[in-house]
Amino acid sequence: MRIGQTSFVVFASKLLGSALGFVATLYFARTLGAAVLGQYALVLAVVAWLSLAGNLGISGAITKRMSEGTDTPAYATAGALVVAALGLALGALVLLFDEAVNAYVGEPVAPLVVALLLLGLFQSLTNSALQGERKVHITGLLTPVGIAVRSIIQIALVFVGLELVGMIAGYAIANFLVAVVGLALLSVGVARPTREHFESLYEYAKFSWIGGLQSRSFNDVDVLLLGVFVQSSLVGVYSAAWSIAKFLTLFDSAVSSTLFPELSRADAEGNRESVAGLVEDSLTYGGLILIPGLFGGFLLGERLLRIYGPEFVQGAAVLWILILATLLYGYQKQLLNALNGIDRPRVAFRINAAFIAANVVLNVALISALGVVGAAVATTASAALGVVLAVSALRSEVHFTIPYGEIARQFVAAVAMAAVVVGSETILETATSLNHNFATVVLLVAVGATVYFLSLFGLSAQFRATVIENSPL
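Residues numbered from 1 in each chain as written. Predicted model: local features only at pLDDT ≥ 70, side-chain atom pairs only at ≥ 80, totals over all residues. Heavy atoms only, no water.

Colleague: What exactly am I supposed to notice about the packing of helix H4 (residues 72–96) against helix H6 (residues 110–132) here?
Modeller: A pair of packed helices is captured by two measures, namely the crossing angle of their axes and the spacing between those axes. Running from amino to carboxyl end, H4 crosses H6 at an angle of 170°, the nearest separation of the two axes being 9 Å. In terms of orientation, H4 and H6 fall into the roughly antiparallel class. Counting all contacts with H4, which are made through Gly79, Ala80, Val83, Gly87, Leu88, Leu90, Gly91, Val94 and Leu95, the residues of H6 involved are Ala110, Pro111, Val113, Val114, Leu117, Leu118, Leu121 and Leu125. Class assignment for the residues of the contact of H4 with H6 results in 14 nonpolar, three polar and no charged. (Axes fitted to C-alpha atoms, helices over the stretch in contact; angles between N-to-C directions. Helix = DSSP H or I, 4+ residues; strand = E, 2+ residues; numbered from the N terminus. Parallel < 35°, antiparallel > 145°, perpendicular 65-115°, else oblique. Contact = heavy atoms within 4.5 Å. Nonpolar A, V, L, I, M, F, W, Y, C, P; charged D, E, K, R; others polar.)

Here it is, written out as structure tokens:
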């Protein structure tokens, strides 16, 4: 497997999907406003936390055990049975407490929440099995398909007047279609699992489940708490800033999802030198997009959020802080990915627990004091703590070197990019009649990206070698 090419395929697929999702989100923001967008964000956050309880690390355990290459049908079947039972139980609880769910969101959406939960779990199972079969590129290609279908259905339903319900229904339908396609592309069959298969999944999942909890804590705990402390319109503004920050994590996510089965296989073969090399590669390229994104978010934050509508501009200060949080969290995720890949979920468990505790405590304290800015600061501080703990833990297991030189070159290239962007923006404002904000943003982003990658290509011999090695030419 050419890891660079696989990462690029996954990244390109996610990029296309996110671009389609971005267009849909713009339509919703401009058509429905920040308040409805905030309610939608709350629904997705609730479903995400319910999905975590309905999974309990089983999806990660399926990927891990299947990637080891033995008894793959039995592990896949055992995992599916457990997740199905958990999902149905949680769905029943949501319907039992539907009034509380509806009151929190502000709309009668409990049945749709159940549908999203069950279909989301179905999709997570098929994705995990595909990754366990080392078909990461397939899950990557399914991403834009799912988002395209979701966006088209959502826009159509909103257009006919269904608003929030239409957005949720479109999401559920797309999940179902993608899950069915993923299931059809699986090679693994069905086999009757033994008690040992369930126990093996449990032994991995009992520690790895908190990795999902950590991810949900990073992505959603601030949104959930903002839903308690601030009005839904501010949640919508915060969610718009988050959507931009998360867009920049696509390559980082592609790297981690591509490397996990490779780390697992290398560890199973006892090749710790290969493991160390993969860890160093993940840290080298984990911030490739996020580092210039941090500078871009600081310089162009108001322009980017103005695309959503005038009321979203108030989130400009939040945007660059959230991008910094995603950069730090990206490095943390690569390190924890390695710990899980070498079958050290207990160690990752402790780090995740510390991150979650810090994130919850800091969000409660800072949201009440600083509002949406406090939520962003709390998330950033928690991610910084996680990086420190993860580096220390992984170094006790694997002898690897942090690629400070490559990371520094990425920052230097980003500084060059920032200088050109500032100069270009000044020229556009003073010497031309180009006043259309969206066109200005597109032009400045294109110029900045070109300068950044050309600068990095000239500064970094390793980046040049990687580009040439993975070039299809």
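Colleague: Any chance you could explain a nonpolar patch on the surface here in plain terms?
Modeller: Where nonpolar side chains cluster on the molecular surface, the patch consists of Phe159, Val160, Leu162 and Val165 and spans about 410 Å² of accessible area. Its location among the elements puts Val160 in the loop between helix H7 (136–159) and helix H8 (163–185). (Patch = residues over 30% accessible without salt bridge, like charges linked within 9 Å, V, L, I, M, F, W, Y side chains within 5 Å. Areas by Shrake-Rupley, 256 points an atom, 1.4 Å probe, with all protein chains shown as cover. Salt bridge = Lys/Arg side-chain N within 4 Å of Asp/Glu carboxyl O.)

Colleague: I'm lost on the packing of aromatic side chains in this one. Help?
Modeller: Any two aromatic rings considered together are summarised by their centre-to-centre distance and by the angle between their planes. Per the stated rule, a full pass over the model turns up eight aromatic pairs. Taking the centre distance of 6.0 Å and the plane angle of 65° together, the rings of Tyr27 and Phe28 count as edge-to-face. Residue Phe28 is classed as buried on the basis of its relative accessible area, which comes to 3%. With a centroid separation of 6.3 Å and an interplanar angle of 25°, the aromatic rings of Phe453 and Phe463 are classed as stacked. Of the two residues, Phe453 sits in helix H18 (residues 437–459) while Phe463 sits in helix H19 (residues 461–469), which places them ten residues apart along the sequence. Here Phe463 falls in the buried class, since its relative accessible area comes to 9%. Three or more aromatic residues link up through ring pairs in this structure, and these residues are Tyr452, Phe453, Phe457 and Phe463. The residue whose ring lies beneath Lys246 is Trp242, and the NZ or CZ to ring-centre distance is 5.0 Å. (Phe/Tyr/Trp six-rings, centres within 6.5 Å; stacked < 30°, edge-to-face > 60°. Buried < 20%, exposed > 50% of the residue type's maximum accessible area, 1.4 Å probe, protein only. Lys NZ or Arg CZ within 6 Å of the ring centre and 35° of its normal.)

Colleague: What exactly am I supposed to notice about the pattern of salt bridges here?
Modeller: Opposite charge on two side chains permits pairing when their charged atoms draw close. Inspection of every chain in the model, using the stated rule, returns four salt bridges. Among the ionic pairs, Arg303 bridges to Glu425, the shortest N-O distance being 2.8 Å. Of this pair, Arg303 sits in helix H13 (residues 290–306) while Glu425 sits in helix H17 (residues 404–431), placing them 122 residues apart in sequence. The two residues Arg303 and Glu425 agree in class, both being buried. Two residues, Arg409 and Glu406, come together in a salt bridge whose shortest N-O distance is 3.0 Å. Residue Arg409 and its partner Glu406 are both found in helix H17; the two are separated by three residues, about one turn of the helix.

In short, shape yes, function no, at least from these values alone.
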